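# Chains, contacts and geometry: an overview
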Amino acid sequence: MFISEAYAQTAAAAPGATDMLTSFLPLVLIFVVFWFLMIRPQQKRMKEHKALVSAAKKGDKIVTNGGILGTITKAVDSENDVEVEIATGVKVRVLRSAIQDVLNRTMPAGKGGKVVEAKAETKNEGANDA
């Protein structure tokens, strides 16, 4: 009369464990996508820029982060700066980290000692027609 029937529950895995796994899975996937699309390429770019800056030597034409064009006249590997000639007789000292790009690079002495120059295309739109 006062006794009710008791039904046994089936033994199953803890429901909280599978819920936690499915809730963290999107976060893990987002991190993986960020790694391959943003973090990894940025690290590669930084590594290439560091190699470019450390390889800059006398005679290289450079562009600084401020947009100043010049030619390196003095570069010592142990120093953190280089001397750049931006006009005839005008020399400034620039930090190596402020070098944005090297326009032309001189080849190492072991590879023929030739100068490789980056040639910019110029467009003369009817300037020499007359």
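Here's what I pulled together on the structure shown here. If you're wondering where the values come from, they're calculated on a predicted model, not measured in any experiment.

## As for the overall build of the protein
- Along the backbone of the protein there are 1 helix and 6 strands.
- Its helices and strands in sequence order give the protein the pattern α-β-β-β-β-β-β, from N to C terminus.
- The 130 residues of the protein split such that 15% are buried.
- With the model as given, the accessible surface of the protein reaches about 11,200 Å², and the carbon-plus-sulfur share is 61%.

## Things to note about the environment of Trp35
- Structurally, the position occupied by Trp35 is in helix α1 (residues 15-54).
- Judged by its relative accessible area of 32%, Trp35 falls in the partly exposed class.
- Residues contacting Trp35, with those up to four places away along its chain left out, are Arg40, Pro41 and Gln43.

## Points about the side chain of Asp81
- In this structure, Asp81 sits in strand β3 (residues 81-87).
- The exposure class of Asp81 is buried, given its relative accessible area of 12%.
- There is a polar contact of 2.4 Å between the side chain of Asp81 and the side chain of Arg93.
- With residues up to four places along the chain from it excluded, the contact list for Asp81 reads Arg93, Val94, Leu95 and Arg96.

## Observations regarding the side chain of Asn104
- Relative to the elements of secondary structure, Asn104 occurs in strand β5 (residues 99-106).
- Among the polar contacts listed, one links the side chain of Asn104 to the backbone nitrogen of Lys61, at a separation of 2.9 Å.

## Some points on the pairing of strand β1 (residues 61-64)
- Pairing of β1 with strand β2 (residues 69-75) involves 3 bridges; the strand directions are antiparallel. Following the sheet pairing, Lys61 is matched in β2 by Thr71.

Scoring rules and cut-offs
- Residues numbered from 1 in each chain as written.
- Predicted model: local features only at pLDDT ≥ 70, side-chain atom pairs only at ≥ 80, totals over all residues.
- Heavy atoms only, no water.
- Helix = DSSP H or I, 4+ residues; strand = E, 2+ residues; numbered from the N terminus.
- Buried < 20%, exposed > 50% of the residue type's maximum accessible area, 1.4 Å probe, protein only.
- Areas by Shrake-Rupley, 256 points an atom, 1.4 Å probe, with all protein chains shown as cover.
- Contact = heavy atoms within 4.5 Å.
- Polar contact = N/O pair within 3.5 Å; in protein donor to acceptor, adjacent residues only side chain to side chain.
- Pairing = 2+ DSSP bridges.

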